[in-house]
Amino acid sequence: MNIRKTIAIVLLASSLAGCGVVDLISKGLSYSNAVAADFERDIGVKPEVGFNWHNGNLQSVTVTFPKVYVGKPLDDLANSVREVVVKEFKQTPDTIVLAFALTK
């Protein structure tokens, strides 16, 4: 039974490597970390950044700040988020979601 699991894992890993999924995920993580680092450096708040790719097309990016940011108007912040996401991900997603976490 262990041989079958090993063979299945090897086949799955090779098929994922062959279609570029591993590369896409690692690049996506580096892009999202770059977006978070840009905001932490520029405004002092580090957001959580998530993304969704489908067939090589960037469907959406979600930028969630840990609290409501009052350092600039919402329109300005939204434009900054759009610029940074497009710059770091190297393509424009279909949707960019800007969110704020509201804690108790």
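Structure's up top.
The present account deals with the structure reproduced in this document. All of these numbers come straight from a predicted model, not from anything done at the bench.

1. Looking at the overall build of the protein
From N to C terminus, the protein includes three helices and three strands. When its helices and strands are written in sequence order, the protein yields α-α-β-β-α-β. When burial is assessed residue by residue, the protein has 25% of its 104 residues classed as buried. Here the analysis covers contacts within the protein between residues at least 6 apart in sequence; of these, 55% occur between residues at least 24 apart. For the protein, the accessible area works out to roughly 7100 Å², and carbon and sulfur atoms hold 57% of it.

2. Concerning helix α3 (residues 74-89)
Given a rise of 1.5 Å per residue, 16 residues ought to cover 22 Å, and the 22 Å separating the end C-alpha atoms of α3 matches this to within 8%. Along α3, the residues classified as buried are L77, S80, V81, V84, V85, E88 and F89. The buried residues of α3 all sit within an arc of 130° when viewed along its axis, so they share a single face. Facing away from the buried side of α3 by over 90 degrees, the exposed positions are D75 and E83. Positive backbone phi, at 65°, marks K90, one or two positions downstream of α3.

3. Description of the nonpolar core
Among the nonpolar cores identified, the biggest contains 18 residues, and F39, F65 and F89 are the most heavily contacted of them. Of all elements in the fold, only α2 (21-43), β1 (48-54), β2 (57-65) and α3 reach the threshold of two or more residues within this core. The contacts of F65, once residues within four sequence positions are left out, are F39, I43, V45, P47, L77, V81, L98, A99, F100 and A101.

4. Regarding the packing of aromatic side chains
For the coordinates displayed, the defined rule picks out seven aromatic pairs. Between Y31 and W53 the ring centres are 6.3 Å apart and the planes differ by 50°, which places this aromatic pair in the tilted class. Placement of Y31 in helix α2 and of W53 in strand β1 is noted, with a sequence separation of 22 residues between them. Residue Y31 is classed as buried on the basis of its relative accessible area of 16%. Here the aromatic rings of F51 and W53 are separated by 5.5 Å at their centres, their planes lie at 75°, and the arrangement is edge-to-face. Three or more aromatic residues joined by ring pairs make a cluster, and in this case those are Y31, F51, W53 and F89.

5. So, the sheet that holds β2
An order of β1-β2-β3 is seen for the three strands of this open sheet, with the pairing classed as mixed. What marks the edges here is a single partner per strand, and that holds for β1 and β3 (95-100). Mean inter-strand twist for the sheet, computed between neighbouring axes without regard to direction, equals 15°. When β1 meets β2, the two strands line up antiparallel, connected through seven bridges. By the bridge assignment for β2, E48 is matched with T64. Helix-sheet contacts for α3 involve β1, β2 and β3, and the interaxial angle to β3 is about 130°.

Rules used throughout
- Residues numbered from 1 in each chain as written.
- Predicted model: local features only at pLDDT ≥ 70, side-chain atom pairs only at ≥ 80, totals over all residues.
- Heavy atoms only, no water.
- Helix = DSSP H or I, 4+ residues; strand = E, 2+ residues; numbered from the N terminus.
- Buried < 20%, exposed > 50% of the residue type's maximum accessible area, 1.4 Å probe, protein only.
- Contact = heavy atoms within 4.5 Å.
- Areas by Shrake-Rupley, 256 points an atom, 1.4 Å probe, with all protein chains shown as cover.
- Expected span 1.5 Å × (residues − 1).
- Arc of directions from axis to C-beta.
- Core = buried A, V, L, I, M, F, W, Y, C linked by side-chain atoms within 4.5 Å.
- Phe/Tyr/Trp six-rings, centres within 6.5 Å; stacked < 30°, edge-to-face > 60°.
- Pairing = 2+ DSSP bridges.
- Axes fitted to C-alpha atoms, helices over the stretch in contact; angles between N-to-C directions.

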